[in-house]
Amino acid sequence: MASLLPTDTVLTFEGLAAPLQVGHCLGGGSQGQVYAVELEGEPLALKWYLPSFLARDAGLQTRLEESIRRGAPNDDFLWPLALLRPDDASRARLGVAGRGFGYLMPLRPPAYVGAAEHAAGRIAISLRTVLRAAFFLAAGFHDLHSFGFCYKDVSLGNLFLDPGSGGIRIGDNDNVDVIGSDGGAVLGTWGFMAPEVALGQARPDVASDLFSLAALQFQLLTRHDPFRGALELAIPCLDLPGRRRLYAEDPVFVFDPRDTRNRPDPHEHVAALITWPLYPRRLQRLFEETFGPGLHDPSRRALTGQWKQALAVVLDHLRLCPHCGEENLEHDPDPGGARCWRCRRPLPPAPLLKLANGGVTVAEGNQIHAHHLDPLRAEDLRRPVAEVVAHPSRPGLFGLRHLGGAPWQVERADGRRFEVLPGETCSLGRAALLHTGAGPLRIGDHLLRP
Amino acid sequence: MPFPDVRLASRPLHFLYICDCSGSMQADGRMQSLNQAIRQSLPGMAEAARQNPEARVLVRAVRFADRAGWHIATPTPVEQVRWNDLQAGGVTAMGEALELVAAELRSPPMEARALPPVLVLISDGQPTDDFDAGLRSLMREPWARRAVRLAIAIGHDADTEVLQQFIGEDPGLPAGEVPGASGQMPRHPLGRSPRRPLPASNATTLARYLQWASTAVVGAASTTASRLGGADDNRGPVPLPDLPPTELDPLEDPDPIKW
């Protein structure tokens, strides 16, 4: 694509103390182009708008200025840092492009890939990592809405994830607007737009964000579209009228418990049929509610806090099948006992570490967070207190690895007291009381090793 | 353990170049420019396809001169397309080219389900065969009627009238209406609309239009594109993205006083 700005050069901007080193063009679309830049040695990204887009989005500058003034809701947003207009010297070099503006934002770290890579099955990623990414996505929108902003254009294309950690980055924050301000040019992306927005009955806002968030969560967790089932197969050419029918005029969730018209096809929609049963009812219900009654009643859409809570609990109870090693999630009581979703062999009951707020299944990799120890804290996965690890040589013995902060003071039932330093592991094989910086943690007798 | 080995369901998105290879394409290096422009646009199209997991972008090409024939006959995944140069020479059998395309848009060989096809007709002259018959055959096919049909007019001798017939009526602007006279913000600057033949008077403009068709239009046809409010939004098989800036209007005035 032809470049709007000269590349591999230095440009100066109004109000920017140091010159900006403009590197190569990272990509572009119908709104503008994004460049890799460096400001005083710090790598950043610069988005520069096409003048034709600026003409169509009169409120853009005000929105960006407000976003910059208030700052990012959390570090997962590639948030605008500064609005840039060329100074006189640069303007002369930029031609008509110099009459427009752009903004600086953090550069996406190299480990992060587009969420489309996940949806397309092109990256190796674990179920735990996907659930973590889904949690961070809900947390991002929770923080964004709490800041008084709505996003307006949630889609697979605006989300990036780290296949190793489940960390996310949310890009394209230039449609972000103050809740209720009703400006902006963007309506959303088909497949993610709330029906009332797609039908032109409402402008994008917090309620439509909640719908779009659920659609994106569904794509992350199932690699499938929530409305593509039998009704999609009845549409030969998926053009604009077809999409309108499928997503706006007569949307039916593929797993709607009451309306079964749009069930996934066993050949065309395999992903949905394989992945949906992996998830516990507490997650499935949020989708059923949002894509059922929530289609037409925005007040019935799952809230960001509900997503956070449900996803955090699901992560608390992840465990590996002892036969095939597959990741399994909690299941509602089943008279026959739980079975591994892949090898179908029975899953032995796993011990539960009861905590002040909920509990964590004693299975390798599960983490204890501050919200487990203090019921007043909101779910937050970013600073784990401890992680369940297996003893390197004694099968069946698990411990809690201290993941940082001050040493834990441990009082064992037999009266012994000792300290556990960060990086060390405290055995779950004996009853004890741990004083962690985040709150007390009791290891009960029921966890005594077999 | 990995996430289940499944992927988002996808539909084919057929992208067809329909290229004029008549003798006049030898003038001013037009043929070379077109070959270069298509070749250069392919990586961008492959990237757009990659970002659209719900679309499997499949490319074909028809050439027409004395006769029309397939240049790339097999629907080829975009990342596998190797563009061999087209050669110019002969007259302008555009009608026959449309017949060829029509036969391929019939079901079968078209799949039962697909995304709207994208047809890009590139010409620098006037048809020398029965264009009307070719267009009639094409438009008898439901897949052709639902296709995104774009046309690029190279040079000043291109028959923009037949290209407009290929695209179909530009519903946004009745004949004689001054753009913007309705008081609405025009989607596209003076006289330029993706629903009109796109005038490419030089190699750079040609390349930009082809790049636009292979990235922005592919994105729009497979939905990843954000939907913008506006008059153009609910028309046609897909909402068409803004045209790229070109040499003639390098970057449209961001702050026009009136239009």
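Treat the numbers as computed from the prediction; the structure is a model and nothing was measured. (Residues numbered from 1 in each chain as written. Chains lettered and ligands numbered in written order. Predicted model: local features only at pLDDT ≥ 70, side-chain atom pairs only at ≥ 80, totals over all residues.)

Let's shift gears to the confidence of the model for chain B. Residue and element names in this part refer to chain B. The predicted model of chain B averages 86 in pLDDT, with 82% of residues at 70 or higher. Confidence drops under a pLDDT of 50 for residues 174-189, and excluding neighbours within four residues, the segment shows 18 contacts in the predicted structure. Low confidence marks residues 248-259, where pLDDT is under 50. Its contacts with residues over four positions away, or in another chain, come to 26 contacts. Both scores are available for the predicted complex, with the pTM at 0.93 and the ipTM at 0.90. (pLDDT = per-residue confidence, 0-100. Contact = placed C-beta atoms within 7 Å.)

Turning our attention to the interface of chain B and chain A. Between chain B and chain A, the contact holds 46 residues from the first and 55 residues from the second. Counting only elements with at least two residues in the side of chain B that touches chain A, the list comes to helix H6 (203-221) and strand E7 (227-228) of chain B. Counting residues per element, the side of chain B that touches chain A draws most heavily on H6(B), at three residues. Here the side of chain B that touches chain A is composed, by residue class, of 26 nonpolar, nine polar and 11 charged. (Helix = DSSP H or I, 4+ residues; strand = E, 2+ residues; numbered from the N terminus. Nonpolar A, V, L, I, M, F, W, Y, C, P; charged D, E, K, R; others polar.)

Our focus in this paragraph is the sheet that holds strand E24 (residues 439-443) of chain A. Residues and elements named next belong to chain A. Judged by pairing direction, the sheet is antiparallel, and its four strands sit side by side in the order E21-E20-E23-E24 without closing on themselves. Only two strands of the sheet have a single partner each, and these edge strands are strand E21 (417-420) and E24. Direction aside, the axes of adjacent strands within the sheet are offset by 25° on average. (Pairing = 2+ DSSP bridges. Axes fitted to C-alpha atoms, helices over the stretch in contact; angles between N-to-C directions.)

Let us look at helix H3 (residues 131-139) of chain B. Residue and element names in this part refer to chain B. All of the buried residues along H3 are Phe131, Gly134, Leu135, Ser137 and Leu138. Summarising the axial view, the buried residues of H3 lie within an arc of 160°, below the 170-degree limit, and thus occupy one face. Against helix H2 (94-104), helix H4 (142-145) and helix H5 (160-167) lie the buried residues of H3. (Buried ≥ 20, exposed ≤ 12 C-beta atoms within 10 Å, placed from the backbone. Arc of directions from axis to C-beta.)

Take the nonpolar core next. Membership of the largest hydrophobic core comes to 123 residues, with the highest contact counts inside it found for A:Ala134 and A:Leu311. Excluding anything up to four places from it in sequence, A:Leu311 contacts A:Leu131, A:Ala134, A:Phe135 and A:Ala138. Counting 77 residues, the second largest nonpolar core, distinct from the first, contains A:Leu238, B:Ala48, B:Phe64 and B:Val217. (Core = buried A, V, L, I, M, F, W, Y, C linked by C-beta atoms within 7 Å.)

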